Amino acid sequence: MSVPSTWRNKKYRYRLEASKCTSCGKAFLPARMVCPECGSKDFEPTVLPDKGKILTYSIVHVGTEQTQFDVPYVIAVIELDNGTRLTTQVVDTGDKEVKIGTPVKLVFRKINIDGKTGVLGYGYKAVLE
Ligand code: ZN
């Protein structure tokens, strides 16, 4: 199966890019309209590090319509090396145990299937280091 050209053309969208508050320097993913730290509305794009650690996690046994193809799965809050936190799925855990503090790396993966169109969404997931 070939990768749809629309996906190839829009690949730049899938860099791990967050918005960084120009006032206090905190980065947010997903982007915020107003900085929850300092109230500023001025942001600039920033590329995030792809490494971090698990802050907390939970195991999901019942997926939504969009994610049911791979239950059970692990959803974790990851703290990246620059302190930015994001919630994402942890994949390819194999026999390794998912624990708080486990180092992870973000990888580009299939995220969900649109129930109506069958279109795949892509984005970042975490793998254990
Ligand atoms: Zn701020």
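Here, the structure is the one placed above.
Residues numbered from 1 in each chain as written. Predicted model: local features only at pLDDT ≥ 70, side-chain atom pairs only at ≥ 80, totals over all residues. Heavy atoms only, no water.

*Asks:* Report on the overall build of the protein, specifying residues and quantitative values.
*Replies:* Counting secondary structure elements, the protein contains one helix and eight strands. Ordered by position from the N terminus, the helices and strands of the protein form the series α-β-β-β-β-β-β-β-β. For the protein, buried positions account for 29% of its 129 residues. For the protein, the proportion of contacts with a sequence separation of at least 24, taken over those separated by at least 6, is 46%. Surface exposure of the protein reaches about 8,400 Å², of which carbon and sulfur atoms provide 50%. (Helix = DSSP H or I, 4+ residues; strand = E, 2+ residues; numbered from the N terminus. Buried < 20%, exposed > 50% of the residue type's maximum accessible area, 1.4 Å probe, protein only. Contact = heavy atoms within 4.5 Å. Areas by Shrake-Rupley, 256 points an atom, 1.4 Å probe, with all protein chains shown as cover.)

*Asks:* Tell me what's going on with the coordination of the zinc ion, and back it up with residues and numbers.
*Replies:* For the zinc ion, the full set of protein donor atoms is Cys 21 (SG), Cys 24 (SG), Cys 35 (SG) and Cys 38 (SG), at a range of 2.3 Å. Between the four donor atoms coordinating the zinc ion, the angles at the centre fall across 103 to 116 degrees, so the site counts as tetrahedral. Each donor residue of the zinc ion lies on one chain, and together they are spaced C-x2-C-x10-C-x2-C. One end of the pair, Cys 21, is in strand β1 (residues 17-21); the other, Cys 35, is in the loop between β2 (27-28) and β3 (43-47), with 14 residues separating them in the sequence. Accessibility assignment for this pair places Cys 21 and Cys 35 in one class, buried. (Donors = N, O, S within 2.8 Å, 3.2 Å for Na, K, Ca; no water. Tetrahedral: all angles 85-135°; square planar, octahedral: opposite > 155°, others 65-115°.)

*Asks:* Go over the pattern of salt bridges, please, and point to the residues and values.
*Replies:* By the definition in use, this model includes four salt bridges. Note that Lys 20 is salt-bridged to Glu 44, the shortest N-O span being 4.0 Å. In this pair, Lys 20 sits in strand β1 while Glu 44 sits in strand β3, placing the two residues 24 residues apart along the sequence. With a relative accessible area of 29%, Lys 20 lands in the partly exposed category. (Salt bridge = Lys/Arg side-chain N within 4 Å of Asp/Glu carboxyl O.)

*Asks:* Residue-level account of unusual backbone geometry, with values.
*Replies:* Cis geometry is found at the peptide bond from Leu 29 to Pro 30, where omega equals 0 degrees. Following the sequence through the fold, Pro 30 ends up in the loop between β2 and β3. The backbone of Asp 92 shows a phi angle near 55 degrees, a positive value even though the residue is not glycine. Within the element layout of this structure, Asp 92 appears in the loop between β6 (85-91) and β7 (103-113).

*Asks:* Lay out the sheet that holds β1 in plain terms, naming residues and giving numbers.
*Replies:* Across the sheet, which stays open at both edges, the three strands sit in the order β2-β1-β3 with antiparallel pairing between neighbours. With one partner strand each, in any of the chains shown, β2 and β3 form the two edges of the open sheet. Relative to β3, β1 runs antiparallel, the two sharing five bridges. For Lys 20, the partnering residue across the bridge sits in β3 and is Glu 44. (Pairing = 2+ DSSP bridges.)

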